[in-house]
Amino acid sequence: MELFDVYPLLDLEPIKGRGAYVYTENGTKYLDFYGGHGVISVGHSHPHYIEAIETQLQKLGFYSNSVANPLQQELADKLGTLSDYGNYQLFLSNSGAEANENALKAASFHNGRSKVVTFKKSFHGRTSAAIGITDNEKYSAPINERSKTTFLELNDTETLRQELADYETCAVVIEGIQGIGGIHIPEVDYFKKIRELCSQTGTLLIIDEIQSGYGRSGRFFAHQHAGIEADIVTVAKGMGNGFPVAGTIIHPDIEAFHGELGSTFGGNHLACAAATSVLDILENEELTQNAATTGQQLKDELSTLSAIEEIRGLGLMIGIEFDFPINELRSQLIKNHHILTGVSSNPNVLRLLPPLSIGLDEINQFIDALQTVLKNSNFA
Ligand SMILES: Cc1ncc(COP(=O)(O)O)c(C=O)c1O
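Definitions and limits used
Residues numbered from 1 in each chain as written. Predicted model: local features only at pLDDT ≥ 70, side-chain atom pairs only at ≥ 80, totals over all residues. Heavy atoms only, no water. Helix = DSSP H or I, 4+ residues; strand = E, 2+ residues; numbered from the N terminus. Rg over C-alpha atoms; globule rule 2.2 N^0.38 Å. Buried < 20%, exposed > 50% of the residue type's maximum accessible area, 1.4 Å probe, protein only. Contact = heavy atoms within 4.5 Å. Areas by Shrake-Rupley, 256 points an atom, 1.4 Å probe, with all protein chains shown as cover. Lys, Arg positive; Asp, Glu negative; His and termini not counted. Charge placed at Lys NZ, Arg CZ, Asp CG, Glu CD. Pairing = 2+ DSSP bridges. Axes fitted to C-alpha atoms, helices over the stretch in contact; angles between N-to-C directions. Salt bridge = Lys/Arg side-chain N within 4 Å of Asp/Glu carboxyl O. Polar contact = N/O pair within 3.5 Å; in protein donor to acceptor, adjacent residues only side chain to side chain. Near = heavy atom within 4 Å. 1 Å grid on protein atoms, 1.4 Å probe; cavity = no way out; pocket = protein on both sides within 12 Å on 5 of 7 lines; lining within 4 Å. Sits in = over half its atoms within 2 Å of the grid points. Nonpolar A, V, L, I, M, F, W, Y, C, P; charged D, E, K, R; others polar. Points joined across faces, edges and corners; volume = space filled by probe spheres on them.

A. Examining the overall build of the chain more closely. If you tally the helices and strands in the chain, you get 11 helices and 14 strands. A compact globule built from 380 residues would reach a C-alpha radius of gyration of about 21 Å, and the chain, at 21 Å, matches this within 12%. For the chain, the spread of C-alpha atoms along the principal axes amounts to about 60 × 55 × 45 Å. Looking at the 380 residues of the chain, the share that counts as buried comes to 55%. A fraction of 73% describes how many contacts in the chain between residues 6 or more apart in sequence connect residues 24 or more apart. Summed over all atoms, the accessible surface of the chain reaches about 17400 Å², with 50% contributed by carbon and sulfur. The average position of the 27 basic charges and that of the 47 acidic charges among the side chains of the chain differ by 2 Å.

B. Local environment of the sheet that holds strand β9 (residues 232–235). Ordered in space as β4-β10-β9-β8-β7-β5-β6, the 7 strands form an open sheet in which the pairing is mixed. Edge positions in the sheet fall to β4 (89–93) and β6 (149–152), since each has one partner strand and no second. With direction set aside, neighbouring strand axes in the sheet form an average angle of 20 degrees. The sheet contact formed by strand β7 (residues 169–175) and strand β8 (residues 204–208) spans 5 bridges and is parallel. In the strand pairing of β8, Ala171 is matched with Leu204. Contacting β4 and β10 (246–250), helix α3 (residues 70–83) crosses the sheet at an angle of about 120 degrees to β4.

C. Spatial organisation of the side chain of Glu175. Position of Glu175 among the secondary structure elements: in strand β7. Buried charge without a salt bridge: Glu175, with Arg351 as the nearest opposite-charge side chain at an N-O distance of 7.3 Å. A distance of 3.0 Å separates the side chain of Glu175 from the backbone nitrogen of Phe123, its partner in a polar contact. Those residues in contact with Glu175 that sit more than four places away from it in its chain are Lys121, Ser122, Phe123, His124, Ile180, Pro186, Phe191, Ile207 and Asp208.

D. Geometry of the site of the ligand. Taken together, 14 residues lie around the ligand, and Gly96, Ala97, Asp208, Gln211 and Lys237 are the ones closest in. Interatomic distance of 2.8 Å between a backbone N/O atom of Gly96 and an oxygen atom of the ligand. Note that a nitrogen atom of the ligand is positioned 2.7 Å from one of the side-chain N or O atoms of Asp208. Here the ligand has 390 Å² of accessible area as a free molecule, and 82% of this is covered by the chains. Judged by the fraction of its atoms near the pocket grid, the ligand is located in the largest pocket. Per-class residue counts for the shell around the ligand are 4 nonpolar, 7 polar and 3 charged.

E. Structural context of empty space enclosed by the protein. Under the counting rule described, the total for this entry stands at 1 cavity of 30 Å³ or more. Of the pockets and cavities examined, the largest cavity occupies roughly 40 Å³. Residue lining of the largest cavity: Gly38, Ser41, Ile210, Gln211, Gly213, Tyr214, Arg216, Lys237, Gly238 and Leu356, and that is the complete set. The class makeup of the residues in the lining of the largest cavity is 3 nonpolar, 5 polar and 2 charged.

F. Spatial organisation of the layout of surface pockets. Volume-wise, the largest pocket comes out at about 1700 Å³. Surrounding the largest pocket, 47 residues form its lining, Tyr7, Tyr34, His37, Arg126 and Lys237 being those nearest its centre. For the lining of the largest pocket, the secondary-structure elements that each account for two or more residues are α1 (35–38) and α4 (96–111). Here the lining of the largest pocket gets 3 residues from one element, more than from any other, and that element is α4.

Next up, the structure:
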């Protein structure tokens, strides 16, 4: 059987990971400034993470949601404490798209509405409701309903006010920091305005922290830099450090009913063990604070390089915009310097999503390599 060929592949096959590095069969070491697509939060193969999963596997790997699983409550308690959303409710699933799908369903069940407002350059996943609120026609098949979604310019208050004025919008969905769109941060005042307008009009505010959450921005959630609270927050990627687990964090006023949401695998024993160990490591190693400080150091170093048009981002979620397409630059970083980086829907933006545990050595290695590539090549 052949694989359904949907992924353009890098010329590299990692077989082992440790901390901020992955290794190929012949032992070549690559610095992972891509974090396996923003997934690796606490570093590859962290000993505590391995031990937690192995120990749980020896006891019970899976049982269904038809029985109580105390590991879910343990995870919810820890997540509530570290995220400052302790009075909210947690629904567990397996991927970012599912977390958003469930957020939209919970919102729509709650206020009975179906229109959604989201933003240009947004990405929220590939299942039906999630693709409906993603600003990329290429990913949307005829079967995916998009007609009830409005895509607004980010940071434009007036269009948002007009859009919500009929009191018929179910939810505004916004990324804590737009990732795939090329790293765009909603302005603090805009976040505050969205919060205010949503509260006034009975619209629920869903903040997608799938990429920007779990400490990556230097706060547990990126929207917390703006001092606001969402009605629903979605998480995935860094939550399991590679183990497929996702969450929809739901306001206490939104009441659940039996059968409203569900998932066979969501919140299974292994997933909970993985996700709780990630939170232990984030807390014990102060990785959110580390993301804030190392992210700032990285941006300071980048700002000394003349070839860069703009540096955007918070913590260790950074976009570097050049005035040329970055494909060749990215290839050279991999081939000549053994450093992995990410792309975005803007061909001129290099996206950095390293593990939150990186330090000065990794920053220096990246900056030296980038300097060398820029000096030796003429990309313009
Ligand atoms: C902001 C955001 N939301 C949702 C998703 C979808 O997550 P998944 O691929 O786990 O379904 C992604 C994935 O890149 C994302 O970056």
